[in-house]
Structure formats: structure tokens, C-alpha cells
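Summary of the model geometry
What follows is the residue order along each chain.
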Amino acid sequence: MAGNPERRAALVDAGVEVLAREGARGLTFRAVDAAAGVPVGTASNYFTNRDDLLRQIDTWLHTRLAPDPEVIGRLLAQPRDRSLVTAFMHDLMARATRDRTGYLALMEMRLEATRRPELRASFTKSVRGDLEEAMEFHRSARLPGGDETVTVLYLAMLGLLLEHLTLPDVLDGALPGVSVPEGLVERIAATIVPEG
């Protein structure tokens, strides 16, 4: 396997682009090479097979889509109440909107995991790890609500992200006077997160 870390990173990023644009069936080494602008055959020198590429995309997406530590630090200077949790949810939505490709690739990974047991096991582990990390963060930051609050927020935001990034018109006007996605984030937090 080739050892140039910058080239590997560029190929993984190209894989994210291909996955978001073409879906898992379009994720071939040739497509990744084309998206990365490298000679045909380059990706096959960096990844043992397609499963290896998918695992590396999974790992990279969880890093790429993570919140900015500086933003977290600024937000944590606020009082520990529902409005702070709402601010974290707005940050999540803003990150998803800025990196739509990354989130669409993550959704494609979910779909591919339903078809490939070996990917399902590793992807389930990484996504479950993210959920557990969110619960631990919520507890250690002493935010209102507990693990149940985090789990229900996770499910609600996952649904909102899915609709907003794939079929945004579905939610337009669903709740008269509530903007999409900002107003829906506010409603989700107000419905799920306890006041104090």
C-alpha cells in the first residue's frame, strides 16, 4: 500500500464526494481517481478493497463533521439551559448545511450498511460511539435533561437533517409560521429539552 498521507486524505475526500453524488454503487476506485484528479489506478494503491475505502471514509466523516472546539468553548460560556442546547442544535444544522456533501455521504453510508454486514458492524459501532459521546458530553456539561433527552434529540435532528438535505420542500409550510430549518430546530428543542 502506498504511504503518502496527503494523497490518501485527498482520495478519501474524493470518495466522500463520489459517495454523496453517486451513492455507494458509484463508489469505484476509478470514480475516486477521477474525482481526486489522479491517474487511474491510484486509489487501488492506497486501499486494499472497496470495504477498506468505505471504512476510511467512515472514520474521516466522523472527524470532518465534528463540531469546532472553539465554537463549543464559546457556547459553553453560556448558562446551562434549554437555550444552550438549542444553540448546539443550531450549530449542528449550520455544519450540515455548510458541508451538505459530508452529511449526504454519511447518509449513503447508512444505506450501504444495510446491504453489507461487515460495514454494518463497523458503522454501527462508530455511530453508536457518537451517540454515547453526545450523552457523555451532555452529562459532563450539565445540560438539562439526561440520556433520554439526548437520544430523542438525536432522532429528531437526524430526521430534520435527512429532510432538509434531501427533500427540503417537504417541510416548507408544514408548520405555518415556522421557518425551515431554524424554526424547526427551536421547536424540537422546546418540545424535547426540559427548561432547566
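Being a predicted model, the structure only gives us computed values, none of them experimental.

Secondary structure summary: the protein contains 10 helices and zero strands in total. Helices and strands appear in the protein in the N-to-C order α-α-α-α-α-α-α-α-α-α. Over its C-alpha atoms, taken along the principal directions, the protein stretches across nearly 55 × 35 × 30 Å. Looking at the 196 residues of the protein, the share that counts as buried comes to 40%. Residue pairs at least 24 apart in sequence account for 67% of intrachain contacts in the protein once pairs closer than 6 positions are excluded. When the accessible surface of the protein is split by element, carbon and sulfur atoms take 56% of a total near 10,500 Å². Looking at charge distribution, the protein has the averaged site of its 23 positive side-chain charges lying 4 Å from that of its 28 negative ones.

All right, on to the nonpolar core then. Among the nonpolar cores identified, the biggest contains 54 residues, and Leu 27, Ile 57, Leu 61, Met 109, Met 157 and Leu 160 are the most heavily contacted of them. When residues in this core are grouped by element, the largest group, eight residues, is from helix α6 (residues 82-98). When near neighbours in sequence (up to four residues on either side) are disregarded, Leu 61 contacts Val 16, Gly 102, Ala 105, Leu 106 and Met 109.

With that settled, the discussion passes to the packing of aromatic side chains. With the rule as written, the count across this model stands at two aromatic pairs. Taken together, a centroid distance of 5.4 Å and an interplanar angle of 90° make the contact between Phe 88 and Phe 137 edge-to-face. Residue Phe 88 is located in helix α6, and its partner Phe 137 is located in helix α8 (residues 117-140); the two are separated by 49 residues in the primary sequence. Between Arg 8 and the ring centre of Phe 47, over which it is positioned, the NZ or CZ distance is 5.6 Å.

So, on to helix α7 (residues 100-115). Between the first and last C-alpha of α7 there are 23 Å, a value that for 16 residues agrees with the 22 Å anticipated at 1.5 Å per step. Within the sequence span of α7, burial applies to Gly 102, Tyr 103, Leu 104, Ala 105, Leu 106, Met 107, Met 109, Glu 112 and Ala 113. The secondary structure elements touched by the buried residues of α7 are α1 (5-22), α4 (50-64), α6, α8 and α9 (147-166).

Topologically, Ile 188 is positioned in helix α10 (residues 182-192). Judged by its relative accessible area of 14%, Ile 188 falls in the buried class. Along the backbone, Ile 188 and Arg 110 are 78 residues apart, and their C-alpha atoms lie at a distance of 23 Å. Residue contacts for Ile 188: discarding those within four places in its chain leaves Leu 153, Ala 156, Met 157 and Leu 160.

Now for the pattern of salt bridges. A complete count under the given rule lists 14 salt bridges for this structure. Between Arg 50 and Glu 112 there is a salt bridge whose closest N-O contact spans 3.6 Å. Here the residue Arg 50 occupies a position in helix α4, and Glu 112 occupies one in helix α7, the gap between them amounting to 62 residues. Here Glu 112 falls in the buried class, since its relative accessible area comes to 6%. With a shortest N-O distance of 3.5 Å, Glu 118 and Arg 116 are connected by a salt bridge.

Reading the values: the criteria
- Residues numbered from 1 in each chain as written.
- Predicted model: local features only at pLDDT ≥ 70, side-chain atom pairs only at ≥ 80, totals over all residues.
- Heavy atoms only, no water.
- Helix = DSSP H or I, 4+ residues; strand = E, 2+ residues; numbered from the N terminus.
- Buried < 20%, exposed > 50% of the residue type's maximum accessible area, 1.4 Å probe, protein only.
- Contact = heavy atoms within 4.5 Å.
- Areas by Shrake-Rupley, 256 points an atom, 1.4 Å probe, with all protein chains shown as cover.
- Lys, Arg positive; Asp, Glu negative; His and termini not counted.
- Charge placed at Lys NZ, Arg CZ, Asp CG, Glu CD.
- Core = buried A, V, L, I, M, F, W, Y, C linked by side-chain atoms within 4.5 Å.
- Phe/Tyr/Trp six-rings, centres within 6.5 Å; stacked < 30°, edge-to-face > 60°.
- Lys NZ or Arg CZ within 6 Å of the ring centre and 35° of its normal.
- Expected span 1.5 Å × (residues − 1).
- Salt bridge = Lys/Arg side-chain N within 4 Å of Asp/Glu carboxyl O.

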